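For reference, the chains in residue letters:
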Amino acid sequence: MPDRLHAFTMAICRADGSSDEEARLVADHLVLANLYGHDSHGVGMMPAYIQNTTTGNCTRNHHAKISRDNGAVIVIDGGAGYGQVIAKEAMDIGIDRARKHGVCVLGLTNSHHIGRIGHWGEQCARAGMVSTHWVNVHGHKSLVAPFGGAEPRFTTNPYCTAVPRKGKEPIVLDFATSQVAAGKVRVANNKQVRMDEGLLIDAAGNPTTDPGVLYNPPFGAILPFGLHKGGGLAVICDLLAGALTGGLTHSPRTIKKDSTRIINNMLSIIIDPAAMGGVETFEDEVETFITWVKSARPQAGVAEVLAPGEPERARRADREKNGVPIDGTTWQQLIEVARKVRVNDTEIPGVAVA
Ligand code: NAD
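Source: prediction; values computed, not measured.

Q: When you look at the overall build of the protein chain in this model, what are you seeing that I'm missing?
A: A tally of helices and strands in the protein chain yields 10 helices and 10 strands. A compact globule built from 354 residues should have a C-alpha radius of gyration of about 20 Å, and the protein chain, at 20 Å, falls within 12% of that. Along the first, second and third principal axes, the C-alpha set of the protein chain runs to 55 × 45 × 45 Å. Residue burial in the protein chain is summarised as follows: out of 354 residues, 53% are buried. Residue pairs at least 24 apart in sequence account for 68% of intrachain contacts in the protein chain once pairs closer than 6 positions are excluded. Taking the average place of the 36 positive charges on the side chains of the protein chain and the average place of its 37 negative ones, the gap between the two points comes to 3 Å.

Q: Mind showing me how you'd approach the site of the ligand here?
A: Surveying the vicinity of the ligand reveals 22 residues, the closest of which are Arg116, Asp174, Lys184, Gly309 and Glu312. Separating a nitrogen atom of the ligand from a backbone N or O atom of glycine 115 is a distance of 2.9 Å. Taking isoleucine 117, its main chain carries an N or O atom lying 3.0 Å from an oxygen atom of the ligand. Tallying contributions element by element places strand E6 (residues 168-176) first for the shell around the ligand, with five residues. Taken together, the residues of the shell around the ligand break down into 11 nonpolar, seven polar and four charged.

Q: Explain the environment of leucine 227 here, please?
A: Mapped onto the elements of the fold, leucine 227 is located in helix H7 (residues 227-244). Spatially, the C-alpha atoms of leucine 227 and alanine 7 are 42 Å apart, while their sequence positions differ by 220 residues.

Reading the values: the criteria
- Residues numbered from 1 in each chain as written.
- Predicted model: local features only at pLDDT ≥ 70, side-chain atom pairs only at ≥ 80, totals over all residues.
- Heavy atoms only, no water.
- Helix = DSSP H or I, 4+ residues; strand = E, 2+ residues; numbered from the N terminus.
- Rg over C-alpha atoms; globule rule 2.2 N^0.38 Å.
- Buried < 20%, exposed > 50% of the residue type's maximum accessible area, 1.4 Å probe, protein only.
- Contact = heavy atoms within 4.5 Å.
- Lys, Arg positive; Asp, Glu negative; His and termini not counted.
- Charge placed at Lys NZ, Arg CZ, Asp CG, Glu CD.
- Near = heavy atom within 4 Å.
- Polar contact = N/O pair within 3.5 Å; in protein donor to acceptor, adjacent residues only side chain to side chain.
- Nonpolar A, V, L, I, M, F, W, Y, C, P; charged D, E, K, R; others polar.

Spelled out as structure tokens, the structure:
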């Protein structure tokens, strides 16, 4: 863990009124996202988080509460608490239930931003559980166009499945169902760089590479990934995470156009392999299949066929060695927010700006 970045993030959170434990969970989560290369979900989220605690859109020092309990099927209310605390506690409960019943179908509702969804899949995998997670977002404006649509109707609705492996790091497939995560457009906009083609449309529905279409009116949108298939998955995320759990979908009832509120709902299905084909068969089959998949001859220009989760771990190894690059705008925003919550000057590191 890059100690100074972690300590600085904790200091901001603590000075804002979070308990030591809450500040630690938030810093652990955000810094790990940076280490994995997902800067969109790293410490650059802190200014938005502090804005939301200040306006009451995120509740400090709040804990997960079971609001419906049917044994293997439970609903947890997050009370707009810090997602890093709420989702962790929800997964703890879900893992316990899956151990008892073989499976837990868990609806997490009304949590403040739960960050990188792979974090929750990894928590389940560490407990030996397979898990799959469907997430929606509401509380702020729409960002992503439906397949074929010229204007946005939902947000970046992430999906994740994590599969544990014997003695190895888990398989973690974790992505936004939009062509890019919104935070990646934010980072490009901060850096004032153009994005690749095929990711964004402008307000008229025409292709554009300008990340500013998400920030300056008239607003454009991000496209869903994978044409009708990815667009369909994005719709399913809202239906499972928002409608099925009772946490509400992204619709005119929950959209707040000028708000920075970020509410996540998540449907998690946590499965104990012992209750299915048995742990030994499962572990053996996972290794056999992943070895087989990775043995494919790589295409020209590809060094190696990777399993989901491997790119993040490679980036982590690199960043632990060489440091986490933070762009100048993000760094400036962190300093400003630290001053705003009155972090002691001695706790603000004077690191080099990338
Ligand atoms: P991405 O496009 O980088 O895709 C990441 C996934 O693809 C990972 O599972 C990774 O291991 C796999 N992958 C990438 N390259 C690979 C390769 N060459 N071979 C095999 N597998 C490969 O991710 P993204 O869509 O930018 O999402 C970034 C993060 O944002 C995710 O962690 C997601 O959970 C998070 N997110 C959160 C929210 C929220 O509301 N909380 C919303 C959107 C996104």
